[in-house]
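So the chains spell out like this:
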Amino acid sequence: MLEIKALPFPFPLDPRSVALIVIDMQRDFTEPGGFGETLGNDVSRVSVIIPAVKRLLEAFRNAGLPVIHTQECHKPDLSDLPDAKRNRGNPTLRIGDHGPMGRILIAGEPGTAILPELAPIEGELVIEKPGKGAFYATRLGDILQERGIRQLVFAGVTTEVCVQTTMREANDRGYDCLLVEEATASYFPEFKQAALEMIRAQGGIVGWTAHLTDVLEGINA
Ligand code: C5J
């Protein structure tokens, strides 16, 4: 068993059962004109992590370890979009409306796509999810079981919403979860910091956090 330097204590890495899960690195969350901006957010606060996520992706690919990507999106007929999600708040454009990058958060639209620099390569799994958590209404749990994956290294956006929700879902299902600090971001830096602290508090109640350099070192060991 290898170890990655992490908080609240070293993460016991098992290369036979670990996967990287990159949450929602989509144009809709990171580029002007997308869902994130319609909610009034400054998307430059999250696009800064793109180089760190790329380094992590490349490290997993070079080590021959599995990579999973998620995409928050809905069917074009909106049948998987609850009214509560569509109507909440006061965005300039709602999910399903036509924006500068196509229909907001709809599968197959340009804005919904994963950023080209982080795009999945052949053999990598892409989970389309209608919720904030990647286990809700998807086959993720079955697929992880089929592939013998028991440990998940997390990257992506936003830390306190889809990343943390998916980590909590995974933690409840018995997965060891490690969040890479430099490879996750929030539109609210204080929420990112709070989420990191919540995750690793109380002896790692949701999981571990680690710095990118320590994860890269652990994976290459
Ligand atoms: C949000 C996400 N924030 N991927 N989605 O609506 O975190």
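These numbers come from a predicted model, not from an experiment. (Residues numbered from 1 in each chain as written. Predicted model: local features only at pLDDT ≥ 70, side-chain atom pairs only at ≥ 80, totals over all residues. Heavy atoms only, no water.)

S.K.: I tried to follow the sheet that holds strand β8 (residues 151–157) on my own but got confused; where do I start?
M.R.: The pairing of strands in a sheet comes from backbone hydrogen bonds and takes either a parallel or an antiparallel form. Taking strand neighbours across the sheet as the criterion, the six strands line up as β7-β4-β3-β8-β9-β10 in an open arrangement whose pairing is parallel. The sheet is open, and its two edges are formed by β7 (125–129) and β10 (208–210), each paired on a single side. If you compare each strand with its neighbour and ignore which way they point, the axes differ by 25° on average. Sheet topology places strand β3 (residues 18–23) next to strand β4 (residues 67–72); four bridges connect them, and they run parallel. Counterpart to Ile 23 in the pairing with β4 is Thr 70. The strands touched by helix α8 (residues 189–204) within the sheet are β9 (176–185) and β10, with β9 carrying the most contacts at an inclination of about 165°. (Pairing = 2+ DSSP bridges. Helix = DSSP H or I, 4+ residues; strand = E, 2+ residues; numbered from the N terminus. Axes fitted to C-alpha atoms, helices over the stretch in contact; angles between N-to-C directions. Contact = heavy atoms within 4.5 Å.)

S.K.: Quick question: what am I supposed to make of the UniProt feature "domain: Isochorismatase-like" (unreviewed entry) in the chain here?
M.R.: Here the UniProt feature "domain: Isochorismatase-like" (unreviewed entry) sits at residues 19–206. Between the end C-alpha atoms of residues 19–206 there is a gap of 17 Å, over a span that is 36% helix and 20% strand. (UniProt positions renumbered as here; feature names shortened; annotations may be inferred.)

S.K.: Would you mind showing me how to read the pattern of salt bridges here?
M.R.: Pairs may arise between side chains of opposite charge once their charged atoms sit close together. Considering all chains together, one arrives at 10 salt bridges under this definition. Of the charged contacts, one joins Arg 16 and Asp 14 as a salt bridge, the two residues approaching to 3.0 Å between their closest N and O atoms. Judged by its relative accessible area of 13%, Asp 14 falls in the buried class. Close ionic contact of Glu 124 with Arg 61 constitutes a salt bridge, the shortest N to O distance being 2.7 Å. Remark: Arg 61 occurs in helix α4 (residues 50–62) and Glu 124 occurs in the loop between β6 (102–103) and β7; sequence separation between them is 63 residues. Take Glu 124: its relative accessible area is 14%, and that puts it in the buried class. The exposure class assigned to Arg 61 is partly exposed, which follows from its relative accessible area of 25%. (Salt bridge = Lys/Arg side-chain N within 4 Å of Asp/Glu carboxyl O. Buried < 20%, exposed > 50% of the residue type's maximum accessible area, 1.4 Å probe, protein only.)

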